[in-house]
Amino acid sequence: MAKVKYTKNLRLKNYDYKNNGAYFVTLCTDFRRSLIQEKERQILEEELKKLQDRFSGIKLDYHTIMANHIHVIFIFDNAKVNLPRVVQTFKSASTLRLKKEGQKGKVFWQRNYYEHVIRNDAALGKIRQYIINNSSVERLKMGEIY
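The rules behind these values
- Residues numbered from 1 in each chain as written.
- Predicted model: local features only at pLDDT ≥ 70, side-chain atom pairs only at ≥ 80, totals over all residues.
- Heavy atoms only, no water.
- Salt bridge = Lys/Arg side-chain N within 4 Å of Asp/Glu carboxyl O.
- Buried < 20%, exposed > 50% of the residue type's maximum accessible area, 1.4 Å probe, protein only.
- Helix = DSSP H or I, 4+ residues; strand = E, 2+ residues; numbered from the N terminus.
- Expected span 1.5 Å × (residues − 1).
- Contact = heavy atoms within 4.5 Å.
- Arc of directions from axis to C-beta.
- Core = buried A, V, L, I, M, F, W, Y, C linked by side-chain atoms within 4.5 Å.
- Pairing = 2+ DSSP bridges.
- Axes fitted to C-alpha atoms, helices over the stretch in contact; angles between N-to-C directions.

A. View of the pattern of salt bridges. Applying the stated rule across the entire model yields 8 salt bridges. Of the charged contacts in the structure, one is a salt bridge between Arg 33 and Asp 30, with a shortest N-O distance of 3.3 Å. Taking the relative accessible area as the measure of exposure, Arg 33 reaches 37% and is therefore partly exposed. Between Arg 97 and Glu 46 there is a salt bridge whose closest N-O contact spans 2.5 Å. Residue Arg 97 is found in helix H2 (residues 83-100), and its partner Glu 46 is found in helix H1 (residues 38-54); the two are separated by 51 residues along the sequence. Overlapping salt bridges, with partners in common, bring together Glu 46, Glu 47, Lys 50 and Arg 97 in one network.

B. Inspection of H2 at higher detail. The end-to-end C-alpha separation of H2 is 26 Å, in line with the 26 Å expected for 18 residues at 1.5 Å each. Taken together, the buried positions of H2 are occupied by Leu 83, Val 86, Val 87, Thr 89, Phe 90, Lys 91, Ala 93, Ser 94, Thr 95 and Leu 98. Against strand S1 (21-28), H1, strand S2 (58-65), strand S3 (69-76) and strand S4 (114-118) lie the buried residues of H2. Taken from the residues just after H2, Gly 102 is the one with a positive phi, measuring 105°.

C. Here's a closer look at the environment of Thr 29. Note that Thr 29 resides in the loop between S1 and H1. Each C-alpha atom, one on Thr 29 and one on Asn 68, is 5.3 Å from the other, the two residues being 39 residues apart in sequence. In contact with Thr 29, other than residues within four places in its own chain, are Leu 35, Ile 36, Ala 67, Asn 68, Phe 108, Trp 109 and Gln 110.

D. Representation of H1. In a regular helix each residue adds 1.5 Å, so 17 residues correspond to 24 Å; H1 covers 24 Å between its end C-alpha atoms and thus fits that length. The complete set of buried residues in H1 reads Glu 40, Ile 43, Leu 44, Glu 47, Leu 48 and Leu 51. Looking straight down H1, one finds its buried side chains confined to an arc of 135°; they lie on one side. In H1, the exposed positions that point more than 90 degrees away from the buried face belong to Glu 38 and Asp 53. If you follow the buried residues of H1, they end up packed against S2, S3 and H2.

E. Structural context of the nonpolar core. Membership of the largest hydrophobic core comes to 29 residues, with the highest contact counts inside it found for Leu 44, Leu 48, Ile 70, Phe 74 and Leu 83. Mapped by element, the contributors of at least two residues to this core are S1, H1, S2, S3 and H2. Tallying contributions element by element places H2 first for this core, with 5 residues. Ignoring sequence-local partners within four residues, the contact set of Ile 70 consists of Val 25, Thr 26, Leu 27, Ile 36, Leu 44, Leu 48, Thr 64, Ile 65, Phe 90 and Trp 109. Grouped together as the second largest cluster of nonpolar side chains are 11 residues, Phe 24, Tyr 130, Leu 140 and Ile 145 included.

F. A look at the sheet that holds S2. Read from one edge to the other, the open sheet built from 4 strands follows the order S2-S3-S1-S4, with strand pairing classed as antiparallel. A strand with exactly one partner marks an edge of an open sheet, and here the two such strands are S2 and S4. For this sheet the average axis-to-axis angle between neighbouring strands, irrespective of direction, equals 20°. As paired strands, S1 and S3 are joined by 8 bridges and run antiparallel to one another. Residue pairing for S3: Thr 26 is matched across the bridge by His 71. Across the sheet, H1 lies against S2 and S3, angled at about 165° from S2, the strand it touches most. Helix H3 (residues 121-132) contacts S1, S2, S3 and S4 of the sheet and is inclined by roughly 40° relative to S2.

In structure tokens form, the structure reads like this:
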């Protein structure tokens, strides 16, 4: 009997990811390898900023780009697309651009991503601080932001 690969769904069931509000997203490189150097960082920064022009109602708030992951806060205000579409577009556009610039290997991004719906201004402030201090903080404990 063949093994079935199981992928855990990280999204909230029955939640509309087009809702107005703030979303904290973490994208990791494939197997969390340190693939992001200066050239890649510049490309990823440009592709992140293009999302605001590509999708109305989407604003890039705080973000940081590390060697093996990215943290981003998106603000949705009457967005025409949902968060999964925004993330998928970023991952596709950035991968194509990286490959065009000489990136080796088949896969750049980890298959899924982590997201958190930010529920209030206090939590938004704490997550922004986490992003600013990310290189010195190991992991954000969601239970501590509310």
